Amino acid sequence: MSAVTEEARVRAGADWDFRQLQEAYDRIEAVALKELGLDIYPNQIEVITAEQMLDAYSSIGLPLMYRHWSFGKRFARDEALYRHGLRSLAYEIVINSNPCIVYIMEENTMVMQTLVMAHAAFGHNHFFKNNHLFQQWTDASGILNYMEFAKRYVARCEEKYGEAAVEKLLDAAHALMAQGVSRYPRRNLNLVDEEKREAERRAEQLRTYNDLWRTVPHQPGASRRRTDAAERRRLLGLPEENILYFLEKKAPLLKPWQREVLRIVRNLAQYFYPQKQTKLMNEGCATYVHYRIMNRLHEQGFLDEGAMLEFLHSHTNVVLQPDFDDRRYSGLNVYALGFAMMEDIARIAENPDDEDKIWFPEIAGAGDAMEVLREAWANYRDESFIRQFLSPRLIRKMKLFTVFDDGESDLLVKAIHNERGYRTIRSALADAFDVVKQEPEIEIVDADLDGDRKLLLEHRAHNGILLEPSDAELVLQHLADLWGYEVRLIEVDASSDRVLRTHEAGPSPR
Amino acid sequence: MNIIDRRLNPRGKSLANRQRFIRRARKEILDAVREASAKNGIADASGERVRIRSDSLREPSFRPSLHTGRRSYVLPGNHDYVEGDTIPRPSGGGGGGSEGSPDGDLQDSFQFVLSQDEFVDLFLEDLELPDMLRKQIRQADGFTPQRAGFSTSGTPANLNLVRTMRNSLSRRIALRRPSSSMLAKIEAEIASLPDDAENGQRRKELVEQLRLETLRSRRIPFIDPLDLRYNRFENVPRPAASAVMFCLMDVSGSMTAHMKDLAKRFYKLLYLFLSRRYRNVDIVFIRHTHVAHEVDEETFFHSTESGGTIVSTAFEEMLRIVNARYPRERWNIYAAQASDGDNMPADNAYAVSLLQQNILPLCQYFAYLEVGAEEGRYGGPTELWRAYQRIAQAGYPIAIRKVNHRSQIYPVFRQLFSRERAVREEQAR
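In this text the structure is predicted, and so the values were computed from the model without any measurement.

Here we look at the overall build of chain A
When you go through chain A residue by residue, the secondary structure sums to 21 helices and nine strands. Reported as C-alpha extents along the three principal axes, the dimensions of chain A are approximately 90 × 55 × 45 Å. Taken over 510 residues, chain A has a buried fraction of 43%. Long-range contacts, defined here as pairs at least 24 residues apart, represent 72% of the contacts in chain A between residues at least 6 apart.

Structure follows, in structure tokens:
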């Protein structure tokens, strides 16, 4: 890299321009690829205004989204909060796509733009490209085209079947979105094919349509033999955790376009699922990467002292972890914990102490910190990452402790940062980041298609945690409307199989 | 790597979502707008912040209830707890505060900002105005032609001579069209040459030159269609000029809060209507009992006075203000009077003559709104009503209406619109 010229140097508080942005990008790229060994999708950096940032917020970060009132609501709320100074906007949004789109705000100073590019265009980008969950479950090169298809498809449905019908369907689909995820891989996802498949399904329908079938008389008295329950469940592929998938394939009354819309929402849910599972790692990775890069740029003289101070000021704000009894405390800060873990791993790899050698024999003293980190970023998710890498030293540093709440009596301190507590704390923290454990476990267990067609769902309640009843009733109503017949949800205690609560809903009159 | 500047991309990408959202919570938003317009001033309709509670905006999902079950939390920053300590349960549920419902505000009220257009729209809808009328109120009426550069086509009346001649001159210079003075000079030289053999050659040259130059000047026109430039005008929507709106109201004890609210809605609608048509709209509030005063808006709507009711005092006050501040030549004068119809019987004749002789000739439009209790009141027409009715029948620009409910306010305007339309059509003819 060439020497830093006087006018290219980044100063504190200075405005940015496109030439300088380019220069900064080139320098970051050199550090990221050569020194840190990152592997990224090509970047597309887009400069946007605050209003466009709000737009991006409201459509869950995707640049293209079908229309629905809930996005309008989100926009209205974020706008009100922003306008009254209650909330500031993010410095950037990054989209898991190929090329990787990074939105940066025009208001940022040059130092912030440099930070943001290092953080998003290299940190997050590398994570998206290399983490196994993203590789397995998302199709980065297809997502933008797919969203364009989804937007067009929903708009066409609105024209054909009316906005009200589409809105009702999307309301129901969104209510079940968290239950539209398959947790175990079935096949490789290819979103480009999705659009083609839709066209093919329709063509097939037209091709095989024959009006004569309508005229074939029913044989009188020939009722189909009732299959026994176990066989029936096997045929339906039950139990099924992906409710949207089940409805799309098996709901008796849905029209083809309705199935397609459910599929769109389901694909979206699946696309975002890896992000839910890797919040800590993703932010930790990006924060660690920007910290390394910014320091390197400072060494090279590209950032002057003032710029470095501006960066450190904002960096320390980001990784601030208030104590549990602090007024600012609002849960564990994934930036802080993530960054601390990455630094800790690097330390263990480069100069471990005796304790590390006992706890982490595989990586202690491995030498190349980046190699260890890249390996971790690729092969773990938050839960397994914590279970594997949270060190006693970090537990002591953050003074972590676990508290047990039985819902009635006083809270009990279960473990603190001492020899006896490390494993308990580590395991409890891993559970707290385990999406599977945090989200209710709900499955479709039976559907009596030959009888009254009642759909039966089961919520396996762990630790006695039930569903929020008012919400559950509303979601169940949506589900009944989609299914077309009655629906029953039973909440069962996972350890004793005792039924704790039952909800029922029937389809609303059409 | 690409850096793309998206800042100039079209705005309002989420407009369609916003419309869907407003439609969804229409009823709740209407209530909020009603409340806001009752609370705020007549003239401020811009960007209303509204707060709504709505079940129709709820986005339910299967989520764990915060009030059941047993949980473990991991917290940072232990000071002096040791294993086995107990911590008193914090009030208000949750354990140690690490659990906050992610979208828990759904149950709570929801606050956002309506744009001015949305607010006016909803306000008008609340008054149950027909769509067409709503559009008319929203549109600025009338256009002023405004200079907007030059064009190559237009009517002869708009020909811009200076531009056209400048183009012609530069074209003539560029193509070297001989000027008439130059031709005259050659002719003069030919004429001045003595007619002998010595000059024969020179003469021949000059004659040839003259022939070519004449040909050239004939081929290259003095003014070519290419040179023509016309003044271009654009029609710019224009609110006419200035208007002043007089709000007259009886504030004696018999006017209830409901009546005042009706009156306020009417004034607000009139204001909206006027502010779309005129660049400046002044509002003058005159309240009266047996005496009349000009007051500010707050006092006008919110304080009551005791005393009898003498309508003519308000007219006198209005005349005084018009003479002092609003010369008729420069201001369009509108007046709206709200009353429950009471007046001192002795004052009726004077008030009517004052209205007929002095006020109505000044006004573009005078509206009298007789406000009644919500459930309606039976009984004969009031004194004031009967008197105004006679004036209206005589063809003066006055609209009179009885109003018990807010949906009845709009018909008062219909008269105003039909009258304006008639005037416009007349002018067009």
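There is more to say, and it comes next.
So, the overall build of chain B
Looking only at helices and strands, chain B features 13 helices and 13 strands. Out of the 429 residues belonging to chain B, those deemed buried represent 28%. If you take every contact in chain B between residues at least 6 apart in sequence, the share linking residues at least 24 apart comes to 80%.

Things to note about helix α12 (residues 279-299) of chain A
Residue and element names in this part refer to chain A. With 21 residues, α12 extends 30 Å between its outermost C-alpha atoms, agreeing within 8% with the 30 Å of an ideal straight helix rising 1.5 Å per residue. Summarising burial for α12: 16 of the 21 residues are buried, a large majority. One or two residues past the end of α12 sits Gly301, with phi positive at roughly 90 degrees.

Examining the sheet that holds strand β3 (residues 100-105) of chain A
Pairing is mixed in the open sheet, where four strands are placed in the order β2(A)-β3(A)-β1(A)-β1(B). Looking along the sheet, the strands with just one partner apiece sit at the ends: β2 (92-95) of chain A together with β1 (2-5) of chain B. Strand-to-strand twist across the sheet, computed as the mean angle between neighbouring axes with direction ignored, equals 20 degrees. Running over the sheet, helix α2 (residues 50-58) of chain A touches β1 (43-48), β2 and β3 of chain A and is turned about 135 degrees from β3(A).

Some thoughts on unusual backbone geometry
All names here are of chain A. Asn98 connects to Pro99 through a cis peptide bond whose omega is 0 degrees. As for its position among the elements, Pro99 is in the loop between β2 and β3. The backbone of Arg453 sits at a positive phi, close to 60 degrees, despite the residue not being glycine. Looking at the element boundaries, Arg453 is found in the loop between β6 (441-447) and β7 (455-461). The residue Asn463 is not glycine, and still its phi comes out positive at about 55 degrees. Inspection of the secondary structure assignment puts Asn463 in the loop between β7 and α21 (469-483). Accessibility expressed as a C-beta count within 10 Å gives 16 for Asn463, which makes it partly exposed.

Regarding the environment of Leu337(A)
Residue and element names in this part refer to chain A. Assignment of secondary structure puts Leu337 in helix α14 (residues 334-350). It is 7.3 Å that separates the C-alpha atoms of Leu337 and Leu280, two residues lying 57 residues apart in sequence. Setting aside its immediate chain neighbours within four residues, Leu337 contacts Leu280 and Leu332.

Observations regarding the domain arrangement of chain A
Looking at chain A, the domain boundaries give domain 1 (18-131 + 278-308), domain 2 (319-436) and domain 3 (438-505). The C-alpha centroid of domain 3 of chain A is placed 35 Å from the C-alpha centroid of domain 2 of chain A.

As for the interface of chain B and chain A
Facing the 54 residues of chain B at the interface are 78 residues of chain A. Secondary-structure elements contributing two or more residues to the side of chain B that touches chain A are β1, α1 (15-24), β3 (71-75), β4 (86-87) and β5 (110-114) of chain B. The biggest single contributor to the side of chain B that touches chain A is α1(B), with six residues. The residue makeup of the side of chain B that touches chain A, split by class, is 20 nonpolar, 19 polar and 15 charged. As defined by bridge partners, β1(A) adjoins β1(B) across four bridges and the pair is classed as parallel. From the neighbouring strand, Val47(A) faces β1(B), where its bridge partner is Asp5(B).

Details of the packing of helix α3 (residues 69-83) of chain A against α1(B)
The interhelical angle for the contact between α3(A) and α1(B), taken along N-to-C directions, is 95 degrees, at an axis separation of 7 Å. When the axis of α3(A) is compared with that of α1(B), the two are roughly perpendicular. For the pair α3(A) and α1(B), contact is made by Trp69(A), Phe71(A), Gly72(A), Lys73(A), Phe75(A) and Ala76(A) and by Asn17(B), Arg18(B), Arg20(B), Phe21(B) and Arg24(B), respectively.

Considering helix α10 (residues 311-325) of chain B
Residue and element names in this part refer to chain B. Across its 15 residues, α10 extends 22 Å between first and last C-alpha, which sits within 8% of the 21 Å expected from 1.5 Å per residue. Listed in full, the buried residues belonging to α10 are Val311, Ser312, Ala314, Phe315, Glu316, Glu317, Met318 and Val322. Tucked into the core, α10 has its buried residues touching β8 (242-250), β9 (280-288), β10 (292-295), β11 (332-339), α11 (348-362) and α12 (383-393).

Re the pairing of β2(A)
All names here are of chain A. Neither face of β2 is open: one carries Glu92 and Val94, the other Ile93 and Ile95, and all of them are buried. Here β2 runs beside β3; their pairing, made up of four bridges, is antiparallel. Opposite Val94, over in β3, you have Val102 as the bridge partner. What sits between the antiparallel neighbours β2 and β3 is a turn of four residues.

Digging into the packing of helix α7 (residues 163-175) of chain A against helix α11 (residues 256-277) of chain A
Residues and elements named next belong to chain A. Axis separation between α7 and α11 bottoms out at 10 Å; the angle between their running directions is 40 degrees. Overall, the two elements α7 and α11 adopt an arrangement that is oblique. Helix-helix and strand crossings are classified by hand; for α7 and α11 the assignment is right-handed. For the pair α7 and α11, contact is made by Leu169, Leu170, Ala173 and His174 and by Gln258, Val261, Leu262 and Val265, respectively.

Thoughts on the sheet that holds strand β9 (residues 499-505) of chain A
All names here are of chain A. Pairing is mixed in the open sheet, where four strands are placed in the order β6-β7-β8-β9. For this open sheet the edge positions go to β6 and β9, each flanked by a neighbour on one side alone. Averaged over all adjacent pairs, the angle separating strand axes in this sheet is 20 degrees, with direction ignored. Judged from the six bridges that link them, strand β8 (residues 487-493) and β9 form a sheet pairing that is antiparallel. Counted as the bridge partner of Ile490 is Thr502 from β9.

Concerning the confidence of the model for chain B
All names here are of chain B. Overall, the predicted model of chain B reaches an average pLDDT of 77, with 79% of residues at or above 70. When pLDDT is averaged over each element of chain B, helix α5 (residues 161-174) comes out on top at 92 and helix α4 (residues 131-138) at the bottom at 49. Of the regions scoring below 50 in pLDDT, residues 419-429 engages in one contact with residues more than four places distant in sequence or in other chains. In the model output, the complex is listed with pTM 0.71 alongside ipTM 0.81.

Structural notes on the pairing of strand β5 (residues 411-415) of chain A
By the bridge criterion, three bridges tie strand β4 (residues 401-405) of chain A to β5(A) in an arrangement that is antiparallel. Of the residues in β5(A), the one forming a bridge with Val403(A) is Val413(A). Hairpin connection between β4(A) and β5(A): a loop of five residues separates the two successive antiparallel strands, and Gly407(A) in this loop has a positive phi of roughly 85 degrees. Taken together, the two bridges between β5(A) and β4(B) define a ladder with antiparallel strand orientation.

Some remarks on the environment of Val403(B)
Residues and elements named next belong to chain B. Of note, Val403 is situated in strand β13 (residues 398-403). Separated by 228 residues in sequence, Val403 and Leu175 place their C-alpha atoms 78 Å apart. With residues up to four places along the chain from it excluded, the contact list for Val403 reads Leu262, Leu369, Glu370, Val371, Gln408 and Ile409.

Let's talk about the environment of Asn167(B)
Residues and elements named next belong to chain B. For Asn167, the location among the structural elements is in helix α5. Overall, Asn167 belongs to the partly exposed group, with 17 C-beta atoms counted inside 10 Å. For the pair formed by Asn167 and Asp224, sequence separation is 57 residues and the distance between their alpha carbons is 9.2 Å. Excluding residues within four positions of it along the chain, Asn167 makes contact with Asp227 and Arg229.

Cut-offs and rules
Residues numbered from 1 in each chain as written. Chains lettered and ligands numbered in written order. Predicted model: local features only at pLDDT ≥ 70, side-chain atom pairs only at ≥ 80, totals over all residues. Helix = DSSP H or I, 4+ residues; strand = E, 2+ residues; numbered from the N terminus. Buried ≥ 20, exposed ≤ 12 C-beta atoms within 10 Å, placed from the backbone. Contact = placed C-beta atoms within 7 Å. Expected span 1.5 Å × (residues − 1). Pairing = 2+ DSSP bridges. Axes fitted to C-alpha atoms, helices over the stretch in contact; angles between N-to-C directions. Domains from an automatic or database assignment. Nonpolar A, V, L, I, M, F, W, Y, C, P; charged D, E, K, R; others polar. Parallel < 35°, antiparallel > 145°, perpendicular 65-115°, else oblique. Left-handed = near helix turned anticlockwise from the far one by under 90°. pLDDT = per-residue confidence, 0-100.

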